Amino acid sequence: MSYVTYRFPLSVRSISTVVFATVVTVGLSACGKKDTGPIQVPTVVVEEQDIQLTTEATGTVEPVDTVAVKSQASGMIMKMPVEVGTYVKPGDLIAEIDTRNLTNDFQRTAAAAQAAESTIVVQRSALERASRLFKDGIITRVEYEAAVLNNANAQSALVAAQTNLSVAERNLEFARVRAEISGTIINKDASVGSVVSSAVSNVGGGSTIVTIADLSRVRMRVLVNETDIASVKVGQDASVTVDALPNRTFRGRVEKIEPKAVVQQSVTMFPVLVSLDNPEQTLLPGMNGEVSMIIQQRRNVIAVPIDALRSRAEISSIGVALGIQADSLDSMLAALQAQPMRTGGGDSVAAQAGRGQGDGTRAGQGQGDASQTGQSVMGGARPDSGARRMRRDSGGGAGGAGRGVGRSGRTQALFVFVKQGTGFVPRRVQVGITNFDYAEVLSGVNSGDEVALLSMIAAQAERDQRTAQVRNMSGGAIPGGPRR
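Here is a short report on the structure shown in this document. (Residues numbered from 1 in each chain as written. Predicted model: local features only at pLDDT ≥ 70, side-chain atom pairs only at ≥ 80, totals over all residues. Heavy atoms only, no water.)

### What to know about the pairing of strand β12 (residues 245-257)
Threshold: DSSP calls a pair of strands paired once it identifies at least 2 bridges connecting them. Numbering goes from the N terminus for both helices and strands, where a helix is a DSSP run of H or I of at least four residues and a strand is a run of E of at least two.
Sheet topology places strand β11 (residues 237-242) next to β12; 5 bridges connect them, and they run antiparallel. Across the sheet, the residue bridging to Ala238 is Gly252, located in β12. Once β11 ends, the chain turns through 2 residues before running back antiparallel as β12. Alignment of β12 against strand β14 (residues 267-277), held across 5 bridges, turns out to be antiparallel. Bridge pairing in β14 links Gly252 to Leu276.

Structural data, given as structure tokens:
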């Protein structure tokens, strides 16, 4: 059987595929011949690249502006030319209410107003005649004052009649319910034959006929974990994908962070509203989707694949599997741990953390937030977004890289194996922010170093440990085989 040393162009998908194939090859070879020769380890060359740390949350699309259309007149709906989904403009007819009673009221008040106008003409003439007679001394002051009072009462009656006529005319207009804004009808609460109550005279606020929404601007309401909410800011850009259009990404902006937390299944989250322009009205209310927001970013930093990182507890067995003698490995590790961690420029990691990295974000903050997406990715392909959220919400991780960086901002030294000559030597590294692909390296390796990908070796070491345990428990005999 031939073995090939793989070199990867920093592609995690390719890394996962080849590592899986290598593990299968090693397992199959182990079931065959006992002497398979040295295991060739896949490696990758360390390069500078960009690392983004994102937080993701799911939610639903909802309209920003909605109007509940109600009638200011009571009665039965006789005509309703709109349906759910109809686009309306200001002035378009929504519904027409039975106008028979309203028409009768209008005609009655119009007649009363006309009578009041005639009365005021008569009373005005009577007042002028009484004024002349009073000057000539023909009538008394009491009679003159009575004429003045009758004229004033006629004027008051005219004003009341004109007011009643205006109200009746307005009520007749209210019987034709029209749209006040442009938008799409998203809900229809009444139909022809329904009796609606006035929103003006009814204590309960009246009956809603339809609901209109402006779908040119919508927003996504999502719940963000409390551990990520401090990194989300109003005005921050966001990427939105919806289940109905999985191949299309929409650009949004954080509009509001609601201050009241929501607790779901013992997890505290905060509602965040992300506004979206929707000129084509592609996004519809109720669509489910996912919002992704960049909360940390590093540009042109030295980074290694997550698969190359291991904790101190895992180094011993992996080192032996790589062919390093146990005594030599212990000496190397002791020497590494005795050395202070330094950055590439000669400063300690603690000093560098106080200055910030890449885009100006403090390194301590980046390290603290790294566990949000760098939890556990030691042994396989990149998990889907649902698994990422579950791991981030649970705060756990199975791999060494996930344990090496915590939310507190303190980092733990991790280890990589660097290829030198014909073998590998351990290096202690300090990491900054991590995602599910790579970890930023603050110190320990340089660009151009060749580091080992350890999934296959870790699987081999675990297999050897289990085989040794079985042999110890069975006294050296093979389970199911002849006893010695």
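### Some details on the sheet that holds strand β4 (residues 75-79)
Note on sheets: strands pair through backbone hydrogen bonds, and any given pair is parallel or antiparallel. The 4 strands are arranged β7-β6-β4-β9 in an open sheet whose pairing can be described as antiparallel. Every interior strand has two partners, whereas the edge strands, β7 (176-178) and β9 (195-196), have only one.

### Details of the pattern of salt bridges
So the rule is basically this: A pair is scored as a salt bridge if a Lys or Arg side-chain nitrogen falls within 4 Å of a carboxyl oxygen belonging to Asp or Glu. Burial classes follow relative accessibility: with a 1.4 Å probe on protein chains only, a residue under 20% of its type's maximum area counts as buried, one over 50% as exposed, and anything between as partly exposed.
Under the definition given, this model contains 16 salt bridges. Glu280 is the salt-bridge partner of Arg248, the closest N and O atoms lying 3.6 Å from each other. Taken as a pair, Arg248 in strand β12 and Glu280 in the loop between β14 and β15 (288-305) lie far apart in primary sequence, 32 residues in all. For Glu314, the salt bridge goes to Arg310, with nearest N and O atoms at 3.9 Å. Arg310 sits in the buried class, given a relative accessible area of 2%. Among the ionic contacts, a cluster of salt bridges with common partners joins Glu62, Arg219, Arg221, Glu255 and Glu258.

### Some details on the side chain of Ser71
What counts is decided by this rule: Polar contacts, as counted here, are pairs of nitrogen or oxygen atoms within 3.5 Å of one another; within protein the pair requires one atom able to donate a hydrogen and one able to accept it, and residues that are adjacent in sequence qualify only if both atoms are side-chain atoms. Should any heavy atoms of two residues lie within 4.5 Å, those residues are counted as being in contact.
By the secondary structure assignment, Ser71 is in the loop between β3 (47-70) and β4. On the basis of relative accessible area, Ser71 is assigned to the buried category, the value being 1%. Polar contacts involving the side chain of Ser71 include one to the main-chain carbonyl oxygen of Ala73, which spans 2.6 Å. With residues near it in sequence (within four places) discarded, Ser71 still touches Ile97, Phe174, Val177, Val196, Ser197, Ser198, Ala199, Ser207 and Ile209.

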